[in-house]
Amino acid sequence: MPELVKAENLVKHFPVAAGRVHAVDDVSFSIMEGETLGLVGESGCGKSTTGRLLVRLIEATSGRILYRGRDIASMNGRELRQARRQVQIIFQDPFSSLDPRKCIGETIGKPLEIFGVGSGREREGMVDVLMEKVGLSPRLYYKYPHELDGGRRQRVGIARALSLSPDFIVCDEPVSSLDVSIQAQILNLLQELQEREKLTYLFVSHDLSVVKHISNRIAVMYLGKIVESASSPDLFHDTLHPYSQALLAAVPIPKLNRRRERIILEGGVPSPIAPPPGCRFHTRCPQRMDICASEEPRLVDAGGGHLVACHRVFGA
Amino acid sequence: MNGPLLEVSDLSVVYRTYEGTVAAVNGLGFSLHRGRTLGLVGESGAGKTTTALSIMGLVPSPPGVVESGRIIFDGQDLLRLPEREMKRIRGNRISMIFQDPMTSLNPVLTVGLQISEALAAHQDLSEAEAERRAAEMLERVQIPAARYREYPHEFSGGMRQRVVIAMALACNPSLIIADEPTTALDVTIQAQVLELMKSLKEEFATSMIMITHDLGVVGEVCDNVAVMYAGRIVETGSLEQVFSDALHPYTRGLFRCIPDIEEELSVIRPIEGLMPEPLDLPSGCAFHPRCPRCMEICRTRVPEAIERDGHGVMCHLFSEGGGGDHA
Amino acid sequence: MNSAGRSYSTLAACGVAGEKRRSPWWEVWRRLRRNRAALVGMGVIIMLVMVAILAPVLTPYDPNKTDMKARLQRPSLSHPLGTDNFGRDMFSRVLYGSRISLYVGFVAVGIGAIFGGVLGAVGGYYGGRLDNFIMRCMDVLLAIPQIILAIAIVGALGTSLVNLMIAVGISQLPRYARVVRASALTVRGQEFVEAARAVGARDVRIIVENILPNCMAPIIVQSTLGVAQAILSAAALSFLGLGIQPPTPEWGSMLSAGRQFLRQAPYLSFFPGLAISIVVLALNIFGDGLRDSLDPKLRQ
């Protein structure tokens, strides 16, 4: 599988009154064509920012985003517009991601209009096809977002992302605001579409079970850094980083007597304005060593493409 | 002092809106024994929160109307109590924890003051005594008493929720209703808060109703489970019964919807169709349009609740003459 | 529960009504039709506009013809609204006055709302320095009393009807800019604006198609109030000799001219005042209804 998207040393700092929020700090990864990379972490870890950087909704402070070998981050207006046809995003909140004043047919057809695809009449036909593709009845064309439930709104968001036949879609927490029974429908739809349309996903989520379900590979983020990344089975069976271990242990599992060993982390996530020196996780890490507070661990291959950034793993 | 602490029977609550009458809760009944935790599970619109608000006597009216039912709490029917009596119970003997800790705390008062006010409202305490007890409560939820004079915005989300828990526990209530208390929190923080709630519940010997959409959370903290769908409890039983031997097609469907984190390759089978329209609930069993095992009778008749060894289910499959096999 | 109830509320209808595709404007009209008060307001406005157009046909006298023998007459059959201190027929003058007053009111508000709205939307959407610059300019305009600002503008541009409307429009502009900016700031943060950028929409398109339509409510409310104020400002300017020159009939100047005779002939001020009140009231009621029917969420 060739490499489709590659992030190299992505950095995003937001200036605030108290300093700079280190939202994303030197993050690199690559996504192969046709695969799903899951990006998981808790709120404020920079996973959504990373997703938005990839579609250039926000500008990176530094770093490169290569799409089929071409750097998106340095593209100018016209090139970027063309690139947008291939790179799309699905948002978390199906309530605020649709314009309340536009009927859903108009919302889905807007990207076609912007790129001048077809005539008005032809576009209506294309919208009908798109709606059927995502399991919406074309009869809903003139419905407004508030008239639909969360699941169908999210389908509208997916149809809009699909309208320009992209290759790569960033899914930013696409199911986390949906009911479980609806969430499952949307997850299955995303997987079906991936197969049928040969899509590549970056799947951003805080929900480990969902990420595991849909991803081929997973990267775990903490305070703006990737701390571990591996193929999905490797990450779950051979979890190396103490943070990933804690995250995994914290997921409540709907089964009886499945009380695993609990790792309750102390305290909360430190401020991203002044991240701790050394390993950013050392303030909460149950396995910290002296070196962790002073030296930052690098993301190193622990074998078979299983990357981890932890001094403990390499016995330094 | 035997018998259940709380017994709800035949509770019906409707919201009268311009578009029509929404039956939010429909002939609901359950009981909760002392020291136990009941998980009230369901998706949005199932009527979980309305049930909680009915127990608290806080159904917004208008448009909400409690049409019928009894809520017997410790021998008293809460629905027949005058508002003055209810005020004495609310926050004192029954307290509630809401989903969003930021909106349930007053941003302009220090957290200590808010806890001590909750105490002073119900118990005859001197100011100094209330303050001392409030500081103690903070320590109980693992917040240093030194932070007594800090404001809610100075705390992280998880700590704020712990402050809310301290407030809820301050008067040592017999019943706590927690409405999605950890939904807004990150997993590692959720684990902390759930752990804390479990241990405090033991320590204070309170009963709890845990409202959640997350079956995982139910599995962590509850003794009993009631699964709600469209205003009714469709299945109820001990945690063991519901988790290992789910009967109702909706309950079974819910379990199949959740990706299994422990399986190599998880397959999820969604429940087809849309959430029911509250203004226009389907006839018969409200779940029948989405049910994979729908029969003719399901379209027309509301199933009766059937109970065996404390495991109740509301489904024609299990009524007499129905196909009792739950393959 | 409540919110769920609302979001599901119209699902039931879609099975039937969803068959036909209707234009959004038809929807707006359908919703407006149900609002009786708004229809009354709209009716009154249409009537007033008709009156203004048909004034020459409807009036029994030349509005500017003086008749010294019939000065300050009380309302009677021959002069339904009485006569003024020059013996001119008040009924004819009020009818003719609607021409200038409505014209000035609507055009001035149009100028204020369009330019103010665009400035506010641009400021709110881009934020940062541009926003700061625009809003500080608006603050400067706001700090000067409206009437003095208008005087200064007319003074600079010269006295004419067009300049009067520009002056009144500019003096109202900051208010539109402020309300629109406030809503633009909240709209900007919504994901659908990001979604529009993600599909390659340019800023102009986003401002026109996404930001402004979602700021409609405050613009409409502000405009309906603004028309009344514009009529009064124009009147004040006319009174100072900077707007409409006598003897052209205009409600504001008639109102202020009547002040001198408030004791002997209160009807001289009453009827032009009543006319202004009717316009304001009708516009307000209509504006409320229009705002609601432009909002798909309030569809019943």
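In this report, we go over the structure that sits alongside the text. In this text the structure is predicted, and so the values were computed from the model without any measurement.

What follows is about the overall build of chain A. A count of helices and strands for chain A gives nine helices and 12 strands. The C-alpha atoms of chain A give a radius of gyration of 20 Å, which matches the 20 Å a tight globule of 316 residues would have. On the principal axes, the C-alpha backbone points of chain A span a range of 70 × 50 × 45 Å. Out of the 316 residues in chain A, the part that is buried amounts to 60%. Sequence-distant contacts, at least 24 apart, represent 63% of the contacts inside chain A between residues at least 6 apart. Summed over its atoms, the accessible surface of chain A is roughly 11,800 Å², and 48% of this surface lies on carbon and sulfur atoms.

Of the regular secondary structure elements, chain B holds 11 helices and 12 strands. Its C-alpha atoms give chain B a radius of gyration of 21 Å, within 12% of the compact-globule value 20 Å for 327 residues. Residues counted as buried form 53% of the 327 residues belonging to chain B. Considering only intrachain contacts with a sequence separation of at least 6, the fraction spanning at least 24 residues in chain B is 63%. Of the accessible surface of chain B, which amounts to about 14,000 Å², a share of 49% is contributed by carbon and sulfur atoms. Once the 29 positive and 44 negative side-chain charges of chain B are each reduced to a mean point, those two points are 4 Å apart.

In this section: the side chain of C:Ser293. By the element assignment, C:Ser293 lies in helix α13 (residues 267–294). Setting aside chain neighbours within four positions, we find C:Ser293 in contact with C:Val28, C:Arg31 and C:Leu32.

Residue and element names in this part refer to chain B. With antiparallel pairing, the four strands of this open sheet are ordered in space as β2-β1-β4-β5. At either end of the open sheet lies a strand with only one pairing partner, and these are β2 (20–32) and β5 (76–77). Looking at chain direction, strand β1 (residues 6–17) and β2 are connected through nine bridges and run antiparallel. Its bridge partner being in β2, Leu 11 is matched across the sheet by Leu 28. On the sheet, helix α1 (residues 48–56) packs against β1, β2 and β4 (64–73) and is oriented at approximately 70° with respect to β2.

Turning next to helix α6 (residues 128–143) of chain C. Residues and elements named next belong to chain C. Taking 1.5 Å as the rise per residue, α6 with 16 residues should run 22 Å; its terminal C-alpha atoms sit 22 Å apart, in good agreement. All of the buried residues in α6 are Asp 131, Ile 134, Met 135 and Met 138. Taken around the axis of α6, the buried residues stretch over an arc of 90°, which confines them to a single face. Structural note: α6 exposes Arg 129, Phe 133, Val 140 and Ala 143 on the side pointing more than 90 degrees away from its buried face. For α6, the elements touching its buried residues are α5 (90–126) and α8 (161–188).

In this section: the interface of chain C and chain A. Each partner contributes residues to the interface: chain C has 33 residues there, and chain A has 38 residues. With both chains or domains summed, chain C and chain A bury close to 3,500 Å², and 49% of this area falls on carbon and sulfur atoms. Where chain C packs against chain A, one counts four salt bridges. One salt bridge in this structure joins A:Glu113 and C:Arg205, with 3.1 Å as the shortest N-O distance. The tally of links between chain C and chain A comes to 14 residue pairs in polar contact (both at pLDDT 80 or more). Sorting the residues of the side of chain C that touches chain A by element identifies α1 (2–8), α2 (11–17), α9 (191–198) and α10 (203–211) of chain C as the ones contributing at least two each. Per-element tally for the side of chain C that touches chain A: the top contributor is α9(C), with six residues. Class assignment of the residues belonging to the side of chain C that touches chain A gives a composition of 13 nonpolar, eight polar and 12 charged.

The biggest cluster of nonpolar side chains holds 122 residues, and the ones touching the most others in it are A:Ile158 and B:Phe243. Apart from residues no more than four positions distant in its own chain, B:Phe243 is found in contact with A:Pro254, A:Lys255, A:Leu256, B:Leu215, B:Val218, B:Gly219, B:Val225 and B:Phe255. Core analysis: the next-biggest nonpolar cluster, separate from the first, contains 69 residues, C:Leu149, C:Val154, C:Val227 and C:Ala265 among them.

All right, on to empty space enclosed by the protein then. This model, assessed by the stated rule, comprises 10 cavities of 30 Å³ or more. Elements with a minimum of two residues in the lining of the largest cavity: α3 (104–114) of chain A together with α9 and α10 of chain C. A per-element tally of the lining of the largest cavity places α3(A) first, with four residues. Residues of the lining of the largest cavity, tallied by class, amount to seven nonpolar, two polar and six charged.

Contacts between the two partners involve 39 residues from chain A and, on the opposite side, 41 residues from chain B. Roughly 3,600 Å² is buried in total at the junction of chain A and chain B, and carbon and sulfur atoms are behind 57% of that figure. The interface formed by chain A and chain B includes one salt bridge. Between B:Asp260 and A:Lys255 there is a salt bridge, and its shortest N-O distance comes to 2.8 Å.

A full pass over the atoms with the stated rule returns 10 aromatic pairs over all chains. An aromatic cluster of three or more residues is present, and its members are A:Tyr222, A:Tyr243 and A:Phe281. Sitting over the ring of A:Phe236, A:Lys212 keeps its end group 5.4 Å from the ring centre. If you follow B:Arg147 out to its NZ or CZ, it ends over the ring of B:Phe155, 4.3 Å from the centre.

Our next topic: the packing of helix α12 (residues 251–258) of chain C against α13(C). Think of two packed helices as two axes; the pair is described by the angle between the axes and how far apart they sit. Residue and element names in this part refer to chain C. Interaxial distance between α12 and α13 falls to 7 Å at its minimum, and their mutual angle equals 145°. Here the hand of the crossing between α12 and α13 comes out left-handed. Here Trp 251, Met 254, Leu 255 and Gly 258 of α12 come into contact with α13, specifically with Leu 268, Ser 269, Pro 272, Gly 273, Ala 275, Ile 276 and Val 279. In the contact of α12 with α13, the residues fall into eight nonpolar, three polar and no charged.

Here we come to the packing of α3(A) against helix α4 (residues 120–133) of chain A. Residues and elements named next belong to chain A. Orientation of α3 relative to α4, taken along the N-to-C sense of each, is 115°, at an axis distance of 9 Å. Compared by their axis directions, α3 and α4 come out roughly perpendicular. Crossing handedness for the pair α3 and α4: right-handed. For the pair α3 and α4, contact is made by Ile 104, Gly 105, Ile 108, Gly 109, Leu 112 and Glu 113 and by Arg 123, Met 126, Val 127, Leu 130 and Met 131, respectively. When grouped by side-chain class, the residues that make up the contact of α3 with α4 number seven nonpolar, two polar and two charged.

On to a nonpolar patch on the surface, then. All names here are of chain C. A contiguous nonpolar surface patch, about 710 Å² in accessible area, is contributed by Ile 46, Val 49, Met 50, Ile 53, Leu 54, Val 57, Leu 58 and Phe 106. No other element matches helix α4 (residues 36–58), which puts seven residues into the nonpolar patch. Inspection of the secondary structure assignment puts Phe 106 in helix α5.

For the rest of this paragraph, the subject is the pairing of strand β12 (residues 311–314) of chain B. Consecutive side chains of a regular strand alternate in pointing toward one face of the sheet and then the other. All names here are of chain B. The two faces of β12 match: His 311 and Val 313 on one face and Gly 312 and Met 314 on the other face are all buried. Two strands pair when backbone bridges link them, and strand β10 (residues 232–238) and β12 are joined in this way by two bridges, in the antiparallel orientation. Within β12, the residue paired with Thr 236 across the bridge is Gly 312. As judged from the four bridges shared by strand β11 (residues 305–308) and β12, these two strands associate in the antiparallel manner. Bridge pairing in β12 places Ala 305 opposite Met 314.

A word on the pattern of salt bridges. Summed over all chains, the structure comprises 42 salt bridges over all chains. Residue A:Lys110 is joined to C:Glu209 by a salt bridge in which the shortest nitrogen-to-oxygen separation is 2.8 Å. With A:Lys110 in helix α3 and C:Glu209 in helix α10, this residue pair bridges two chains. In this structure C:Glu209 comes out as partly exposed when scored by relative accessible area, which is 21%.

What counts, and where the lines are drawn
Residues numbered from 1 in each chain as written. Chains lettered and ligands numbered in written order. Predicted model: local features only at pLDDT ≥ 70, side-chain atom pairs only at ≥ 80, totals over all residues. Heavy atoms only, no water. Helix = DSSP H or I, 4+ residues; strand = E, 2+ residues; numbered from the N terminus. Rg over C-alpha atoms; globule rule 2.2 N^0.38 Å. Buried < 20%, exposed > 50% of the residue type's maximum accessible area, 1.4 Å probe, protein only. Contact = heavy atoms within 4.5 Å. Areas by Shrake-Rupley, 256 points an atom, 1.4 Å probe, with all protein chains shown as cover. Lys, Arg positive; Asp, Glu negative; His and termini not counted. Charge placed at Lys NZ, Arg CZ, Asp CG, Glu CD. Pairing = 2+ DSSP bridges. Axes fitted to C-alpha atoms, helices over the stretch in contact; angles between N-to-C directions. Expected span 1.5 Å × (residues − 1). Arc of directions from axis to C-beta. Buried area = accessible area lost by both parts, 1.4 Å probe. Salt bridge = Lys/Arg side-chain N within 4 Å of Asp/Glu carboxyl O. Polar contact = N/O pair within 3.5 Å; in protein donor to acceptor, adjacent residues only side chain to side chain. Nonpolar A, V, L, I, M, F, W, Y, C, P; charged D, E, K, R; others polar. Core = buried A, V, L, I, M, F, W, Y, C linked by side-chain atoms within 4.5 Å. 1 Å grid on protein atoms, 1.4 Å probe; cavity = no way out; pocket = protein on both sides within 12 Å on 5 of 7 lines; lining within 4 Å. Points joined across faces, edges and corners; volume = space filled by probe spheres on them. Phe/Tyr/Trp six-rings, centres within 6.5 Å; stacked < 30°, edge-to-face > 60°. Lys NZ or Arg CZ within 6 Å of the ring centre and 35° of its normal. Left-handed = near helix turned anticlockwise from the far one by under 90°. Parallel < 35°, antiparallel > 145°, perpendicular 65-115°, else oblique. Patch = residues over 30% accessible without salt bridge, like charges linked within 9 Å, V, L, I, M, F, W, Y side chains within 5 Å.

Purely spatial values, then, with no claim about function.
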